[in-house]
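Below are the chains, spelled out letter by letter.
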Amino acid sequence: ARAARRDRALLRRRRAAAGGAVGVLRLVARVSLLGAWAGGALILASALLIGADVVARNVFATAPFASLEMSRYAFAAAIAFGMAHALVMRAHIRIDVLHRLVPRMLHAPLDVLALAAMAPLATVFAWYGWDVVRESARLGAVSNSPLAVPLVWPQGVWAAGFTWFAAVSWVLLA
């Protein structure tokens, strides 16, 4: 509860400091929250699917849902989209230890330094994520399972999550 109040207060201060960019920050925060909720729903759906597979395997001696494959795709998407929300809420493991050791007046420059490092890194993630999607499309790659899922679909969602993470990083840095 204390951390949530701190995060809300931080978000309010960011909005107030941003002046005309308050609407953009609010939009970024809301879309990131939706991505995090969608990621959570995917993880919950994965758990239910895995549970159904376990029951089916024990009752009917078959696992009809390919839960392992589907849960891998779901986890990749959940992580990629969840990273943007974690960044907006300052929930990434960053420089907190350093924050406690330095004077308060250095906190803002350290935050800017952290974002200045995060934004290019997130951009590289997105760039190479889309490179993987392009290569899978070029090869017509499908999963090595009975489902034979065209890999451009789960990889595209994954790369889109990284792209959103990169965009959020640059918006927060600006």
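Above this text you will find the structure in question.
One structure accompanies this document, and this report is about it. Only a predicted model underlies this, so the values are computations on that prediction, with no experimental measurement involved. Per chain, the residues get numbers from 1 upward, laid out in the order the sequence is written. Local features are withheld for residues below a pLDDT of 70 in this predicted model, meaning they are given only at 70 or higher, and side-chain atom pairs are given and counted only at 80 or more; totals for whole chains, interfaces and linings count all residues. Heavy atoms from the whole structure form the basis of all side-chain values; hydrogens and water molecules are not counted.

Section: unusual backbone geometry
Then comes step 1: For alanine 61, which is not a glycine, the phi torsion comes out positive at approximately 60°.
Then comes step 2: Counting from the N terminus, the helices are the DSSP runs of H or I reaching at least four residues and the strands are the DSSP runs of E reaching at least two. Tracing the sequence through the fold places alanine 61 in the loop between α2 (22-60) and α3 (67-88).
Then comes step 3: Throughout this description, buried means an accessible area under 20% of the type-specific maximum (1.4 Å probe, protein chains only), exposed means over 50%, and partly exposed covers the range between. Alanine 61 sits in the exposed class, given a relative accessible area of 70%.
Then comes step 4: A positive phi angle, near 50°, is found at alanine 148, a position not held by glycine.
Then comes step 5: Along the chain, alanine 148 falls in the loop between α5 (107-139) and α6 (152-173).

Looking at a positive patch on the surface
Then comes step 1: Residues form patches when they are more than 30% accessible in relative terms and have no salt bridge. Like charges link within 9 Å. Nonpolar side chains (Val, Leu, Ile, Met, Phe, Trp, Tyr) link within 5 Å. Note on areas: Shrake-Rupley with a 1.4 Å probe; residue coverage comes only from the protein chains shown. Salt bridge criterion: a side-chain nitrogen from Lys or Arg within 4 Å of a carboxyl oxygen from Asp or Glu. Charge assignment in this entry is limited to Lys and Arg as positive and Asp and Glu as negative, and neither His nor the chain termini are counted. To locate a charge, take NZ of a lysine, CZ of an arginine, CG of an aspartate or CD of a glutamate. On the surface, Arg2, Arg5, Arg8 and Arg12 cluster together into a positively charged patch.
Then comes step 2: By relative accessible area, arginine 5 is classed as partly exposed at 49%.

Re the side chain of glutamate 69
Then comes step 1: Residue position: glutamate 69 is located in helix α3.
Then comes step 2: For the buried residue glutamate 69, which engages in no salt bridge, the nearest side chain bearing the opposite charge is arginine 72, 7.7 Å off.
Then comes step 3: Polar contacts, as counted here, are pairs of nitrogen or oxygen atoms within 3.5 Å of one another; within protein the pair requires one atom able to donate a hydrogen and one able to accept it, and residues that are adjacent in sequence qualify only if both atoms are side-chain atoms. Polar contacts involving the side chain of glutamate 69 include one to the side chain of serine 143, which spans 2.6 Å.
Then comes step 4: There is a polar contact of 2.4 Å between the side chain of glutamate 69 and the side chain of serine 145.
Then comes step 5: Any two residues whose heavy atoms approach within 4.5 Å are treated as being in contact. When residues no more than four places from it in sequence are discounted, the contact partners of glutamate 69 are Ser143, Ser145, Leu147 and Val149.

Things to note about the packing of α2 against α6
Then comes step 1: Between α2 and α6, whose axes approach to 11 Å, the crossing angle comes to 150°. When the axis of α2 is compared with that of α6, the two are roughly antiparallel. As for how α2 packs across α6, the hand of that crossing is left-handed. Contacts between α2 and α6 involve Val24, Leu25, Val28, Val31 and Ser32 from the former and Trp164, Val168, Val171 and Leu172 from the latter.
Then comes step 2: Class assignment for the residues of the contact of α2 with α6 results in eight nonpolar, one polar and no charged. What counts as an axis is a line fitted to C-alpha atoms, over the stretch in contact for a helix, and the angles between N-to-C directions run from 0 to 180 degrees. Angles below 35 degrees are treated as roughly parallel, those above 145 as roughly antiparallel, those between 65 and 115 as roughly perpendicular, and all remaining angles as oblique. Crossing chirality is assigned from the near helix's rotation relative to the far helix, an anticlockwise turn below a right angle marking it left-handed and a clockwise turn marking it right-handed. For this classification, Asp, Glu, Lys and Arg are treated as charged, while Ala, Val, Leu, Ile, Met, Phe, Trp, Tyr, Cys and Pro are nonpolar and the rest, including Gly, are polar.

Some details on the packing of aromatic side chains
Then comes step 1: Two rings from Phe, Tyr or Trp (for Trp, the six-membered ring) form a pair when their centres sit within 6.5 Å of each other. Planes less than 30 degrees apart are called stacked, planes more than 60 degrees apart edge-to-face, and all others tilted. Taken as a whole, this structure holds two aromatic pairs when the rule is applied.
Then comes step 2: With 5.4 Å between their ring centres and 55° between their planes, phenylalanine 125 and phenylalanine 162 make a pair best called tilted. Pair noted here: phenylalanine 125 is in helix α5 and phenylalanine 162 is in helix α6, with a separation of 37 residues, a long-range link.
Then comes step 3: Classification of phenylalanine 125 by relative accessible area gives partly exposed; the value is 30%.
Then comes step 4: Take phenylalanine 162: its relative accessible area is 11%, and that puts it in the buried class.

So, the pattern of salt bridges
Then comes step 1: Evaluated as defined, the whole model comprises three salt bridges.
Then comes step 2: Arginine 138 is the partner of glutamate 135 in a salt bridge, and the nearest nitrogen-oxygen pair spans 2.6 Å. Of this pair, glutamate 135 and arginine 138 both sit in helix α5, separated by three residues, roughly a single helical turn.
Then comes step 3: Using a relative accessible area of 35% as the deciding quantity, one classes glutamate 135 as partly exposed.
Then comes step 4: A relative accessible area of 59% places arginine 138 in the exposed class.

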